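In case you want the letters, here they are:
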Amino acid sequence: MSEIKNNNVPTKTDANTQKMRGFIEHRATWMGLLIDEAKKAGLSTEFAHKAILRCGCFHGNNKYSRTDDLTKFAPEFANPDVVDIFEMEILEQSEKALNIDFHYCPLLAAWRKLGLPEEDMPELCDIAMDGDRGIISTYADEGFSFELGKTLAKGDDVCQIRISKK
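S.K.: An account of the pairing of strand β1 (residues 88–93) is needed here, citing residue identities and associated values.
M.R.: Where β1 meets strand β2 (residues 97–102), 5 bridges bridge the pair, whose relative direction is antiparallel. Residue pairing for β2: Glu92 is matched across the bridge by Asn99. Hairpin connection of β1 to β2: 3 residues between the antiparallel strands.

So this is what it looks like as structure tokens:
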């Protein structure tokens, strides 16, 4: 893979990956504009956090196989298409941890294309990450936990997702 820089420019440009990124950008456009209008109306963004968390919980309960084995969950969460879309680097995939660095984010790309304020990017990212938090929360009984480290939206060189099993 080409060197990836901290400017959210994709290095994978095959047609299928670009098409799927377009789908995600479309959803991010809706999300970004809804939140922007809510903020203009003086509303808190708490509704967005709650809604995206609910969406993640729905997917956690309906999209992914039930397992207490992180090695079985990992290939569903980080399937080849998603790996390509987000230019994921899987640092560890074991019984105890799924550590992934994302080198590209189509949501962030969409929000920037819209011209949303750069200072809003970290919160938009945090709202979007509530989806993953929701997914992993449905595996709490199985001992899975979620941690978000660095993010591209905050100007870091990667987004760090760490899923672990207690």
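S.K.: If you had to explain the sheet that holds β2 to someone new, which residues and values would you point to?
M.R.: Whether parallel or antiparallel, the strands of a sheet pair through hydrogen bonds between backbone atoms. Spatial strand order, β1-β2-β4-β3: 4 strands in an open sheet with antiparallel pairing. Every other strand in the sheet has two partners, leaving β1 and β3 (144–148) as the edge strands with one partner each. Geometrically, the sheet is characterised by an average inter-axis angle of 15 degrees between neighbouring strands, direction not taken into account. Across 5 bridges, the pairing between β3 and strand β4 (residues 159–165) is antiparallel.

S.K.: Before we move on, can you summarise the nonpolar core with the specific residues and values?
M.R.: Most often, soluble globular proteins keep nonpolar side chains buried together rather than apart. Among the nonpolar cores identified, the biggest contains 41 residues, and Phe73, Phe77, Phe86, Leu107, Trp111 and Ile163 are the most heavily contacted of them. Per-element tally for this core: the top contributor is helix α6 (residues 121–137), with 8 residues.

S.K.: Residues and numbers for the packing of aromatic side chains, please.
M.R.: How two aromatic rings sit relative to each other is given by the distance of their centres and the angle of their planes. Per the counting criterion, the structure on display carries 7 aromatic pairs. Where Phe73 meets Phe144, the ring centres are 5.6 Å apart and the plane angle is 65 degrees; that geometry is what we call edge-to-face. Remark: Phe144 occurs in strand β3 and Phe73 occurs in helix α3 (residues 70–77); sequence separation between them is 71 residues. For the pair shown, Phe73 and Phe144 are each scored as buried. For the ring pair Phe86 and Phe102, a centre distance of 5.4 Å and an interplane angle of 70 degrees mean the geometry is edge-to-face.

What counts, and where the lines are drawn
- Residues numbered from 1 in each chain as written.
- Predicted model: local features only at pLDDT ≥ 70, side-chain atom pairs only at ≥ 80, totals over all residues.
- Heavy atoms only, no water.
- Pairing = 2+ DSSP bridges.
- Helix = DSSP H or I, 4+ residues; strand = E, 2+ residues; numbered from the N terminus.
- Axes fitted to C-alpha atoms, helices over the stretch in contact; angles between N-to-C directions.
- Core = buried A, V, L, I, M, F, W, Y, C linked by side-chain atoms within 4.5 Å.
- Buried < 20%, exposed > 50% of the residue type's maximum accessible area, 1.4 Å probe, protein only.
- Phe/Tyr/Trp six-rings, centres within 6.5 Å; stacked < 30°, edge-to-face > 60°.

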